[in-house]
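An overview of the molecular structure
Chain residues, written in single-letter form:
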Number of protein chains: 2
Amino acid sequence: MASMEKKAIVVGAGLVGSLWAVMLGQRGYAVDLYERRPDVRKSGFAGGRSINLAMSVRGWRALEKIGMAEVIGRQAIPMHGRMMHDTRGELTFQPYGKKGQAIYSVSRGGLNLELLELADTHPDVHLHFDQRCQGVDLSANTLHFRHEHTGKPSRVRAPLLFGTDGAFSMVRDSIMKQTRRFNYSQQFLEYGYKELHIPPTAQGRHRMEPNALHIWPRGSFMLIALPNADGSFTCTLFLAYEGKESFARLHTDAEVTAFFERQFPDVLPLMPDLLEDFRQNPTADLVTIRCNPWHHDGKALLLGDASHAIVPFYGQGMNAGFEDCSLLDALVDEYAEDWSSIIPAFSRMRIPQADAIADLALRNFIEMRDKVADPDFLLRKKIAARLHEQYPEFLPLYSMVSFSHLPYDQALREGQAQDAFFERVLQLEGIEENWADNPEVNRLFEQWWAGRRDVLQEQA
Amino acid sequence: MASMEKKAIVVGAGLVGSLWAVMLGQRGYAVDLYERRPDVRKSGFAGGRSINLAMSVRGWRALEKIGMAEVIGRQAIPMHGRMMHDTRGELTFQPYGKKGQAIYSVSRGGLNLELLELADTHPDVHLHFDQRCQGVDLSANTLHFRHEHTGKPSRVRAPLLFGTDGAFSMVRDSIMKQTRRFNYSQQFLEYGYKELHIPPTAQGRHRMEPNALHIWPRGSFMLIALPNADGSFTCTLFLAYEGKESFARLHTDAEVTAFFERQFPDVLPLMPDLLEDFRQNPTADLVTIRCNPWHHDGKALLLGDASHAIVPFYGQGMNAGFEDCSLLDALVDEYAEDWSSIIPAFSRMRIPQADAIADLALRNFIEMRDKVADPDFLLRKKIAARLHEQYPEFLPLYSMVSFSHLPYDQALREGQAQDAFFERVLQLEGIEENWADNPEVNRLFEQWWAGRRDVLQEQA
């Protein structure tokens, strides 16, 4: 492939686009990175709609690849587990994994900024802001842009094109129209989300435990809070659009206050700007996007939300997008830069994995808003954690997703097998009391695990 | 609603669009019916890609409503069952329902022509051909068209808008872009289809049994043939795009001939134009399209393939589109022409039904290409037919779909319950021989049916 010009266009300079531009830049590619929005390094971020990132090992691995893990790690706040708040303000803590394991609260804006800065240090990576993609002519490898302020149109070409322009990707739209038998689906939840804010104390301290992801699970809806480095928390309310408890019933300040008094009394005193935030911040949608294939003719490829937007409930949206880049980068070596092989191979390999994390994320909404308050669920988590300590090979589903690099689809299948096992364990007599020392738990586990290992070996 | 102008625009003058224009015309609405293609009454049909229609009771009911059932009935050919051809040319006949019940082979082009003629008799229905819809501005109720030959643009408005412009609907595209939380999915099979042809004898007779739908089931692919009034058959080959037996392996005349000799030896002498047809007719795709909602703001509504394109294997695509019109027409009376209520109510009611027939159609591909050659499947069909005669209330799944007006989603649920019942029956000792007079079959049936009737009564 030495004959092909080492040149690429990346559309969308969000997290995945700027990371991928860095990876290409580090390989010596000339990259033109186009972004519809203004340069955040000058304009700052338009907040109010971004859930904080929960970075786990898949995200970290990509940052390690480009040498940025350390600088981001210094600003990140470890969250070792979920802190559940009931309606009386009582707290229950549930660790995510083993001692020392954590997911990390990272500012989306801050991370994006660092990635853009790093991209910009490469002399062959060129950043273009305020450029709205109008469409792609795939047969001619040509992209059309229009400047958001001047209206000036432009046309660019490159042998390689990457669409990292998010859930409502224009590049995907063009691929969909120009690719025969392109499978596509966009499915919205009947829920929206709204960002809220808990400021730091006057001393710049966190008003709640900082090393946890806080959840107020309320059955059909929930509030969550992730810590920021400045002592504040970014909170997100997930609530149905219509129905008895819904955004449709929260129009006036009095309605909002009454709702928080009833449902989240312990958080109300921590949110002095609740009413203003509630009025001013938009209510955003939750969408799952799937498509197949992710590419056109082995020369145009979609990455991140553009090909697999997922709901945020597993904290894996960014992690999955970053893993896209790590895996694709590994294929570039494996296929010695033969892009016409790399791109279809990546699409084939990655689609079932992306489908699996999309399903897991949808399922986790129910877990977070409802099951985390269920004694059976908490008991299962405790038994799983103990088995994980006794048998380190055994990874509970959450650990497979958040603390391992196991392909998501394999994690999903393992999780389903675990469901069947725990169903039997939870039926054991007196399990609520004797779970920690009932030898039957270990006997059942060893029997089940022996069979499971055989399946895993067959798959490998 | 007397204040609203009785005026509508219908985009797409295929089967559903022209039927719906007739129904609106009969209600005294002024209708502008736009169609991208030329007027078939002048240009004739561009064939080569349309599977013959298999009209069943849902389609007939709509034609009865507009007074056209008799004229179409005179040209339709009843097909009382499936005629299966094995690789040695041996035939097996399997009736679709009771004696006298049939689905009807109807020419798509002929039916479309009659519907257009009837629409044109209404002084307030205006037909516009060669007009390509460029988009819809839903806030202004405005549609943009461009004439296919002159290029002349035009802009029209109406208080009501119906999109009947097929699986790749431009109206749906506009609704999707202008409606928040619009769920959409397009899924292609990895199979294509190609139309072929068996001409009549020199005496104008059919070369095979005319009163049957012929199937050559071959496991992963199949050929079917439907009779035409002129003594010919329209045949369709359904085959994978890639793989061992696939269109990818049928490039040369020799490959096509060898394939037919191997797989369909009895049909080869009946197709003198096979090689020419195979070369000239396009290979078309098979897509399932689902969306939700089907409307925008209670004033723009999608009908037929535009909102629910399905694969052709249950012969229900046109029937479902025509049932859309019948059901919508009934709601117009029920809600006394209050369209802002009619349209959302129709969308809510009809989407689960359309989802069900989409699933049934996908499932029937496996049944037609594979299961119809399976002895267990044929045995089940025979037992079901006998029970249907003994207990007329009991309708096998095929009869619920093709010979009743039961909502498709209810038929799907009943079919699933029937699967469980027949699984037990097929395990009875010696059932292969004693199915017709084993009293245990009736005992099991009566027990199961008593429980089932309770469920049905609860649903009603």
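Here the structure is a predicted model, which means the values were calculated and not measured. (Residues numbered from 1 in each chain as written. Chains lettered and ligands numbered in written order. Predicted model: local features only at pLDDT ≥ 70, side-chain atom pairs only at ≥ 80, totals over all residues. Heavy atoms only, no water.)

With that settled, consider the domain arrangement of chain A. Residue and element names in this part refer to chain A. Domain boundaries assigned for chain A yield domain 1 (7-46 + 108-186 + 287-365) and domain 2 (374-459). Computed from C-alpha atoms alone, the centre-to-centre distance between domain 1 and domain 2 is 37 Å. Opposite the 13 residues of domain 1 that make contact, domain 2 presents eleven residues. For the pair domain 1 and domain 2, the summed buried area comes to about 1000 Å², and 59% of that belongs to carbon and sulfur atoms. Where domain 1 meets domain 2, there are zero salt bridges. Inspection of the region where domain 1 meets domain 2 yields one residue pair in polar contact (both at pLDDT 80 or more). Within the residue set of the side of domain 1 that touches domain 2, elements represented by two or more residues are α10 (317-334) and α11 (339-369). Ranked by residues supplied to the side of domain 1 that touches domain 2, first place goes to α11 with eight residues. Looking at the side of domain 1 that touches domain 2 residue by residue, the classes come out as six nonpolar, three polar and four charged. (Domains from an automatic or database assignment. Contact = heavy atoms within 4.5 Å. Buried area = accessible area lost by both parts, 1.4 Å probe. Salt bridge = Lys/Arg side-chain N within 4 Å of Asp/Glu carboxyl O. Polar contact = N/O pair within 3.5 Å; in protein donor to acceptor, adjacent residues only side chain to side chain. Helix = DSSP H or I, 4+ residues; strand = E, 2+ residues; numbered from the N terminus. Nonpolar A, V, L, I, M, F, W, Y, C, P; charged D, E, K, R; others polar.)

Applying the stated rule across the entire model yields zero disulfides over all chains. A disulfide-free cysteine, Cys291 of chain A has its sulfur positioned 16 Å from the sulfur of Cys133 of chain A, the nearest such atom. Of the residues examined, Cys291 of chain A reaches a relative accessible area of 5% and is grouped as buried. Here Cys325 of chain B is not cross-linked by a disulfide; its sulfur's nearest cysteine counterpart is in Cys291 of chain B, at 16 Å. (Disulfide = S-S within 2.5 Å. Buried < 20%, exposed > 50% of the residue type's maximum accessible area, 1.4 Å probe, protein only.)

Let us look at the packing of helix α12 (residues 375-390) of chain B against helix α14 (residues 408-425) of chain B. Residues and elements named next belong to chain B. Packing of α12 against α14 leaves a shortest axis separation of 11 Å and a crossing angle of 110°. Classified by the interaxial angle, the pair formed by α12 and α14 is roughly perpendicular. The segment α12 lies against α14, with Arg380, Ile383, Ala384 and Leu387 engaging Gln418, Asp419, Phe421, Phe422 and Val425. (Axes fitted to C-alpha atoms, helices over the stretch in contact; angles between N-to-C directions. Parallel < 35°, antiparallel > 145°, perpendicular 65-115°, else oblique.)

Our focus in this paragraph is the relation of the copies chain A and chain B. The transform that puts chain A on chain B rotates by 180° and translates by 0.0 Å along the axis, for an RMSD of 0.0 Å. In symmetry terms, the pair is related by a two-fold rotation axis. Residue Ser185 of chain A of chain A places its C-alpha closer to the rotation axis than any other residue of that unit, at 2.0 Å. Counting the interface residues of chain A, we find that 100% of their copies in chain B are interface residues as well, pointing to one common contact surface. (Least-squares fit on C-alpha atoms with pLDDT ≥ 70 in both.)

Right, let's talk about the side chain of Thr164 of chain B for a bit. All names here are of chain B. Within the element layout of this structure, Thr164 appears in the loop between β12 (160-163) and α6 (170-178). Here Thr164 falls in the buried class, since its relative accessible area comes to 9%. Excluding its chain neighbours within four sequence positions, the residues that come into contact with Thr164 are Val10, Val11, Gly12, Val16, Gly17 and Leu303.

This part covers unusual backbone geometry. In this chain, Asn292 of chain A is followed by Pro293 of chain A through a cis amide linkage whose omega measures 0°. The topology assignment puts Pro293 of chain A in the loop between β17 (284-292) and β18 (295-296). The phi angle at Glu337 of chain A is positive, at roughly 60°, despite the residue not being glycine. Inspection of the secondary structure puts Glu337 of chain A in the loop between α10 and α11. One non-glycine residue, Asn141 of chain B, adopts positive backbone phi at about 55°. Tracing the backbone shows Asn141 of chain B in the loop between β9 (131-137) and β10 (142-147).

Counting from both sides, the interface comprises 18 residues of chain A and, opposite them, 18 residues of chain B. Taking both partners together, chain A and chain B bury about 1500 Å²; carbon and sulfur atoms supply 37% of that area. Across the chain A-chain B interface, the total number found is four salt bridges. Here Asp285 of chain B ties to Arg181 of chain A by a salt bridge, and the two come within 3.6 Å at their closest N and O atoms. Across the contact surface, chain A and chain B share twelve residue pairs in polar contact (both at pLDDT 80 or more). Counting residues per element, the ones that place at least two in the side of chain A that touches chain B are α6 (170-178), β13 (183-198) and β17 of chain A. No other element matches the eight residues that β13 of chain A contributes to the side of chain A that touches chain B.

Quick look at the pattern of salt bridges now. Residue and element names in this part refer to chain A. One pass over the structure, following the stated rule, counts 52 salt bridges over all chains. Of the charged contacts in the structure, one is a salt bridge between Glu323 and Arg58, with a shortest N-O distance of 2.9 Å. Taken together, the residues Glu323 in helix α10 and Arg58 in helix α3 (residues 57-65) connect sequence positions 265 residues apart. With a relative accessible area of 1%, Arg58 lands in the buried category.

So, about the sheet that holds strand β1 (residues 7-11) of chain A. Residue and element names in this part refer to chain A. Overall, mixed pairing links the six strands, which are arranged β8-β2-β1-β12-β19-β18 in an open sheet. Where the open sheet ends on each side, the last strands, each with one partner, are β8 (125-128) and β18. Pairing between β18 and strand β19 (residues 300-302): two bridges, direction antiparallel. Residue pairing in the sheet places His295 in a bridge with Leu301 of β19. Strands in contact with α6 are β1, β12 (160-163), β18 and β19; relative to β19, the strand with the most contacts, it is inclined by about 120°. (Pairing = 2+ DSSP bridges.)

Here we take up the pairing of strand β7 (residues 103-106) of chain B. Every regular strand shows the same layout, with side chains that alternate between the two sheet faces. Residue and element names in this part refer to chain B. For strand β3 (residues 53-55) and β7, the ladder comprises three bridges, and the chain directions are antiparallel. Its bridge partner being in β7, Ala54 is matched across the sheet by Ser105. Note: strand β4 (residues 77-79) against β7, three bridges, orientation antiparallel. Following the sheet pairing, Pro78 is matched in β7 by Tyr104.

The next thing to look at is helix α1 (residues 15-26) of chain A. All names here are of chain A. The end-to-end C-alpha distance of α1, which contains twelve residues, comes to 17 Å, matching closely the 16 Å that a straight helix rising 1.5 Å per residue would cover. Judged by how many residues are buried, α1 sits mostly within the fold: eleven of twelve residues are covered. Those residues of α1 that fall on the buried side of the exposure criterion are Leu15, Val16, Gly17, Ser18, Leu19, Trp20, Ala21, Val22, Met23, Leu24 and Gly25. Two residues or fewer after α1 comes Gly28, characterised by a positive phi angle close to 85°. (Expected span 1.5 Å × (residues − 1).)

Moving on, we come to the packing of aromatic side chains. Residue and element names in this part refer to chain A. Enumeration according to the criterion identifies 65 aromatic pairs over all chains in this entry. Each ring, one from Tyr391 and one from Phe445, has its centre 4.5 Å from the other, and the planes form 35°; the classification is tilted. With Tyr391 in the loop between α12 (375-390) and α13 (397-402) and Phe445 in helix α16 (residues 439-459), this residue pair connects regions lying 54 residues apart in the sequence. Classification of Tyr391 as buried rests on a relative accessible area of 17%. Owing to a relative accessible area of 0%, Phe445 belongs among the buried residues under this scheme. (Phe/Tyr/Trp six-rings, centres within 6.5 Å; stacked < 30°, edge-to-face > 60°.)

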